[in-house]
Structures are given as structure tokens and as C-alpha cells.
Amino acid sequence: MRYLPIYLLTILAAGCCSRCKNETATRYHEDGMAKPVVALPAMIDTTSFDVPWSISDELTSQIVQLISKTGKIFIQSQDDFAIASNPFTGDLSWVQREFSTQEFAVFLELAEHEITPVTKGAVGLETSNNLNIGVRIRVLDLRGAEPKVVLQEMVRESYYIPKTLLPVDYSTVTWGSAEYPKSSMGIAHAEIAREVAARVSEYILLAKSR
């Protein structure tokens, strides 16, 4: 029994080494150059669109995965961070303190998410719908003495949903279900996530190269 503590320490050390190796593999390029280290907290949702799941979690998850898949940026999970203040105000003094180990911080807000009817003709006949989505982006460079805004914009898209399509019951066709990615909302969310991920990646890599 006296050898048990040594055995356990060996296992723990091996596990730590494995985690360190995996982290090193993701934080650095193959040539040893460090990737930009980015914090991306969960998207803020200021809309009132009602579905049984969190659209904020859905979009954040997709954006993090898309940025990570490029292999050019080391991005930390949104679960590691909590936002105590509004990141879209002029006061950014808290950001440097909250994200002291990151080079960049990305803040996102779902500012618009609504379905509006498309009307046709003088009588205003409703023929189809548009799903209008707006995501506010703010990317901060934290490498200096003060946070520096390198990207601030609103990405807006409108996705046409023909009336010929059967209405989708999103109480059963939810995020994570097999049917959801093929639904109008699933396709629209995937497209807006790709656009936001591309914009964020572009500006972070541009700022890192300077």
C-alpha cells in the first residue's frame, strides 16, 4: 500500500503532460510560431425570440468551432469567461483585468432575430417570410497598455423563407436534433456564424501581423 501514492502521482503527472502536449499543439503552429490567443465569451442575446434552446449558445458554439478549424487562432471556450460589464460601452478599463492572459477579446451580441412577412401587391398579400438576423461584433487588442478596438461592426443578414415550405415546429426540431441543420433557421444560423467567424478571424490575424 505504501507504493499507492507514488502510483497515483505517476498517473496524474502523465495526465498533466498529456494536457500540456495537447495545449501546446493547439497554441502553436508547426514551425513553433505562437497563434493569437483569443477569449470569446458567450454571445449576449438582447432579442426576445422564443425557442426552447439558447440561440446565444448555438451561435457561439458554431463561431468558436469555425475559428478553431482554421488552425490559425487559439481560441478559448466561452465557458471559461463571464462578462461583468457591458463590453459595447466606452469604458473598457475592466477588460484588461478580466482577460489578462489573452491577446484579444471578442464580444458578440445578438441584436436582431425576427421573422417578418414578405408582402406582395397592392393588397399586401403575405407570400413568404424573411428571417432577419443582426450580430454586433467588437474585437479588442489587449496587447498594449490599454484595450484597442480593431473591429466594431454590425453584421446583418436577411434569409428568405418561401411560403411553399412547410412550417417547422421548433419545439421539436431543436438545435442538436438530426432535422435541425436542414431547417430554415438552422441553415440561416450556420450562414451568419460563418460570416461572423470569417470577419473575426480576418481582423485578428491582420492585427497580429502588425
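Here is what the cut-offs are and how they apply
- Residues numbered from 1 in each chain as written.
- Predicted model: local features only at pLDDT ≥ 70, side-chain atom pairs only at ≥ 80, totals over all residues.
- Heavy atoms only, no water.
- Helix = DSSP H or I, 4+ residues; strand = E, 2+ residues; numbered from the N terminus.
- Buried < 20%, exposed > 50% of the residue type's maximum accessible area, 1.4 Å probe, protein only.
- Contact = heavy atoms within 4.5 Å.
- Areas by Shrake-Rupley, 256 points an atom, 1.4 Å probe, with all protein chains shown as cover.
- Axes fitted to C-alpha atoms, helices over the stretch in contact; angles between N-to-C directions.
- Parallel < 35°, antiparallel > 145°, perpendicular 65-115°, else oblique.
- Left-handed = near helix turned anticlockwise from the far one by under 90°.
- Salt bridge = Lys/Arg side-chain N within 4 Å of Asp/Glu carboxyl O.
- Phe/Tyr/Trp six-rings, centres within 6.5 Å; stacked < 30°, edge-to-face > 60°.

A.B. asks: Explanation requested: the overall build of the protein in the structure shown.
C.D. replies: Scanning the protein from N- to C-terminus turns up 4 helices and 6 strands. Ordered by position from the N terminus, the helices and strands of the protein form the series α-β-β-α-β-α-β-β-β-α. With 210 residues in all, the protein has 38% of them scored as buried. Pairs at least 24 apart in sequence give 67% of the contacts found in the protein among residues at least 6 apart. Approximately 12,400 Å² of the protein is accessible, and the part contributed by carbon and sulfur atoms is 55%.

A.B. asks: Would you explain the packing of helix α2 (residues 55-69) against helix α4 (residues 184-209) in this entry?
C.D. replies: Contact geometry for α2 and α4: axes closest at 9 Å, N-to-C directions at 50°. Classified by the interaxial angle, the pair formed by α2 and α4 is oblique. For the element pair α2 and α4, the recorded crossing hand is right-handed. Contacts from Ile55, Glu58, Leu59, Gln62, Ile63, Leu66 and Ile67 in α2 reach His189, Ala190, Ile192, Ala193, Arg194, Val196, Ala197, Val200 and Ser201 in α4.

A.B. asks: What exactly am I supposed to notice about the pattern of salt bridges here?
C.D. replies: Close approach of charged atoms allows side chains with opposite charge to pair. Counting across every chain of the model gives 6 salt bridges. Between Glu103 and Lys208 there is a salt bridge, with its nearest N and O atoms 2.8 Å apart. Separated by 105 residues along the polypeptide, Glu103 in the loop between α3 (93-98) and β4 (104-120) and Lys208 in helix α4 bring together distant segments of the chain. Take Glu103: its relative accessible area is 18%, and that puts it in the buried class. Under the relative-accessibility criterion, Lys208 is labelled partly exposed at 27%. Arg136 is the salt-bridge partner of Glu109, the closest N and O atoms lying 2.5 Å from each other. Of the two residues, Glu109 sits in strand β4 while Arg136 sits in strand β5 (residues 125-141), which places them 27 residues apart along the sequence. Take Glu109: its relative accessible area is 10%, and that puts it in the buried class. A relative accessible area of 29% places Arg136 in the partly exposed class.

A.B. asks: Help me out: how do you make sense of the packing of aromatic side chains in this one?
C.D. replies: Between two aromatic rings, the relevant description is the distance of the centres plus the angle of the planes. Enumeration over the complete set of coordinates arrives at 6 aromatic pairs. Plain terms: the ring middles of Tyr170 and Tyr180 are 6.5 Å apart, the flat faces sit at 75° to each other, and that makes the pair edge-to-face. In this pair, Tyr170 is assigned in the loop between β6 (148-161) and α4 and Tyr180 in the loop between β6 and α4, connecting sequence segments 10 residues apart. Residue classification places Tyr170 among the buried residues on the basis of a relative accessible area of 16%. Three or more aromatic residues joined by ring pairs make a cluster, and in this case those are Trp53, Tyr170 and Tyr180.

By themselves, these are just geometric observations and shouldn't be taken as functional.
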